[in-house]
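Understanding the architecture of this molecule
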Amino acid sequence: MASKIIFTVNPGATTTKCALYRIKKGALEEIAYENIEHPDSIINEFDSIASQVDYREGIVREFIEKHMTGNDRVAACAGRGGMLTPVPSGVIEINEELEQFSLYTPVYEHASNLGAPLAFRTANIYGVKSYIVDPVGVDEFPPIARISGSPDFPRFSFVHALNIRATIRKFSSDIGKPFDETRCVIAHMGGGFSIAAFCEGSIVDNDNRMETAAFTPERAGGVPPIPLVNACFSGKYTKKEIMKKLYGEAGLYAYLGTKDVREVLKRMDNNDDYAELIYNAMIYQIGKAIAAMASVLEFTMDGIILTGGLALSEKIVRDIDKRVGRISDIHVYPGSNENLSLAENVLRIIDGEESAMQWPVEVKGDKTCQ
């Protein structure tokens, strides 16, 4: 009997993470995973992210052909959701309209926009359905969270929803509480941060890493608006240059010339006072954001969760705990298992536990948290 396989793809700026999972007795068994790196010399040849799709599709096919056996049958494909318009959390079936939107009219340019096209094209080869799960456009803010201080600039959600929701599912299971009854603050800390308030099934607020977030290894987070406006109209910078100052060449990189937190910690061990100041400022801002999200939950929660690559550092975890540990217990789920999260969500669709949404999807945003 042929084994049923779920294929998942998670494209990043210079990598494509591919994985195959076998469905075995209602559970998933990883049979292959690769973090395929793309040299700058190749990526820089493309004039846009959309133009990379054929190149990356070839890599995806090579991965599948290398690891699939004659007894395997692809049952479904899933890709990381890109920069879409606001959507509810959950699984969205990919159709041609979503593929085209992701490639040519996304809200922002990002390599994750290739996730839906790569999954859709692969699924068409095998005659199966394809899905995206919890893209960064997941927006479940209640009306009160959208108020910014100016009706011309409403707040909106922009969040690492895939890893956040998957990690909270693990946390809920570990504490023996239903996912839809769990209340927590979660900090996803990687190249970008997302610090969010989660209330009984929904991400009801977050610091939106494009608004007021803590700075990260490569992103500026919340910067003073008046100097930013002055810089935009100074004539010194193009829009592209300003965007680089905010995303990609900001944060630790702007201050210290490195995006590698391990390098910063080494400098601190060698008595680099400036590196220590910048590191402490990052921890300071993370702590502020966690406390702000705790206030959204009225400080009634099941815990504070730290996840993402930075949660692998015991020092970072200790330093955050010193600042916010008195609010609630700290729970650490280091790293980010986004490919597995994609497969787990699609398995629930295959098993009939949940239903997939159809694109286009409208966000409701009427959840409140008390």
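Use the structure listed above.
A short tour of the structure in this document, coming up. (Residues numbered from 1 in each chain as written. Predicted model: local features only at pLDDT ≥ 70, side-chain atom pairs only at ≥ 80, totals over all residues. Heavy atoms only, no water.)

**Comments concerning the overall build of the chain**
If you tally the helices and strands in the chain, you get 14 helices and 12 strands. A compact globule built from 370 residues should have a C-alpha radius of gyration of about 21 Å, and the chain, at 21 Å, falls within 12% of that. For the chain, the C-alpha atoms occupy an extent of roughly 60 × 50 × 45 Å along the three principal directions. Of all 370 residues assigned to the chain, the portion counted as buried reaches 52%. Surface summary for the chain: the accessible area is close to 17,600 Å², and the carbon and sulfur share equals 49%. Averaging the coordinates of the 39 positive side-chain charges in the chain and doing the same for the 50 negative ones gives two points 2 Å apart. (Helix = DSSP H or I, 4+ residues; strand = E, 2+ residues; numbered from the N terminus. Rg over C-alpha atoms; globule rule 2.2 N^0.38 Å. Buried < 20%, exposed > 50% of the residue type's maximum accessible area, 1.4 Å probe, protein only. Areas by Shrake-Rupley, 256 points an atom, 1.4 Å probe, with all protein chains shown as cover. Lys, Arg positive; Asp, Glu negative; His and termini not counted. Charge placed at Lys NZ, Arg CZ, Asp CG, Glu CD.)

**Observations concerning the sheet that holds strand E9 (residues 202–206)**
Across a sheet, strands are paired by hydrogen bonds formed along the backbone, either parallel or antiparallel in direction. What the five strands build is an open sheet, ordered E9-E8-E7-E10-E11; its pairing is mixed. Where the open sheet ends on each side, the last strands, each with one partner, are E9 and strand E11 (330–334). When strand polarity is set aside, the average angle formed by the axes of neighbouring strands in this sheet is 25°. Note: strand E8 (residues 193–199) against E9, four bridges, orientation antiparallel. Pairing of Phe198 across the sheet is with Ile203, part of E9. (Pairing = 2+ DSSP bridges. Axes fitted to C-alpha atoms, helices over the stretch in contact; angles between N-to-C directions.)

**Focus: empty space enclosed by the protein**
This structure, assessed with the given rule, holds one cavity of 30 Å³ or more. Put simply, the largest cavity is a space of about 60 Å³. What lines the largest cavity is Arg80, Gly81, Val133, Asp134, Pro135, Val136, Val159, His160, Ala161, Leu162 and Glu338. Class assignment for the residues of the lining of the largest cavity results in six nonpolar, two polar and three charged. (1 Å grid on protein atoms, 1.4 Å probe; cavity = no way out; pocket = protein on both sides within 12 Å on 5 of 7 lines; lining within 4 Å. Points joined across faces, edges and corners; volume = space filled by probe spheres on them. Nonpolar A, V, L, I, M, F, W, Y, C, P; charged D, E, K, R; others polar.)

**Overview of the nonpolar core**
Counting 48 residues, the largest nonpolar core has Phe7, Phe63, Ile168 and Trp359 as the members making the most contacts within it. Residues in contact with Phe63, not counting those within four places in the same chain, are Phe7, Cys18, Ala19, Leu20, Ala32, Tyr33, Glu34 and Ile36. Ranked by size, the runner-up nonpolar core spans 37 residues in total, among them Ala197, Ile278, Ile283 and Val317. (Core = buried A, V, L, I, M, F, W, Y, C linked by side-chain atoms within 4.5 Å. Contact = heavy atoms within 4.5 Å.)

**Points about the layout of surface pockets**
Looking at the second largest pocket, its volume works out to about 350 Å³. Only helix H8 (225–232), helix H9 (239–246) and helix H10 (251–256) provide two or more residues apiece to the lining of the second largest pocket. Grouping the constituent residues of the lining of the second largest pocket by class yields 13 nonpolar, three polar and two charged.

**Topic: the pattern of salt bridges**
With the rule as written, the count across this model stands at 20 salt bridges. Among the salt bridges present, the one from Asp134 reaches Arg165, with a minimum N-O distance of 3.4 Å. With a gap of 31 residues between them, Asp134 in the loop between strand E6 (129–133) and helix H5 (143–146) and Arg165 in helix H6 (residues 161–175) connect regions that are remote in the sequence. Across the pair Glu200 and Arg183 runs a salt bridge whose closest N-O atoms are separated by 3.9 Å. Of this pair, Glu200 sits in the loop between E8 and E9 while Arg183 sits in strand E7 (residues 183–189), and the two are 17 residues apart along the sequence. (Salt bridge = Lys/Arg side-chain N within 4 Å of Asp/Glu carboxyl O.)

**Re helix H2 (residues 53–67)**
Taking 1.5 Å as the rise per residue, H2 with 15 residues should run 21 Å; its terminal C-alpha atoms sit 21 Å apart, in good agreement. Looking only at H2, the buried set comprises Val53, Arg56, Glu57, Ile59, Val60, Phe63 and Ile64. Projected down its long axis, H2 carries its buried residues within an arc of 160°, all on one side. Among the exposed residues of H2, those pointing more than 90 degrees away from its buried face are Asp54, Glu62, Glu65 and Lys66. Lining the buried residues of H2 we find strand E1 (3–11), strand E2 (15–24), strand E3 (27–37), helix H1 (40–43), helix H3 (96–104) and helix H4 (115–126). (Expected span 1.5 Å × (residues − 1). Arc of directions from axis to C-beta.)

**A look at the sheet that holds E2**
Spatially, E3-E2-E1-E4-E6-E5-E12 is the arrangement adopted by the seven strands of the open sheet, whose pairing is mixed. Edge strands, defined here as strands with exactly one partner in the open sheet, are E3 and strand E12 (357–358). Pairing between E2 and E3: 10 bridges, direction antiparallel. If you follow Arg22 over to E3, its bridge partner there is Glu29. Contacting E1, E2, E3, strand E4 (72–80), strand E5 (91–93) and E6, helix H14 (residues 338–350) runs over the sheet at an angle of about 135° to E1.

**Observations regarding the packing of H3 against H4**
Orientation of H3 relative to H4, taken along the N-to-C sense of each, is 145°, at an axis distance of 8 Å. Helix-helix and strand crossings are classified by hand; for H3 and H4 the assignment is left-handed. From H3, Glu96, Glu99, Ser102 and Leu103 reach across to H4, where they touch Ala116, Pro117, Phe120 and Arg121. Here the residues of the contact of H3 with H4 sort into four nonpolar, one polar and three charged. (Left-handed = near helix turned anticlockwise from the far one by under 90°.)

**Description of unusual backbone geometry**
Backbone torsion omega between Trp359 and Pro360 reads 0°, so that peptide bond is classified as cis. Note on placement: Pro360 falls in the segment after E12. A positive phi angle, close to 65°, is found at Asn271, a residue other than glycine. Mapping Asn271 onto the fold places it in the loop between helix H11 (261–269) and helix H12 (273–296). At Phe299, a position not held by glycine, the phi torsion is positive, near 60°. Tracing the backbone shows Phe299 in the loop between H12 and strand E10 (303–308).

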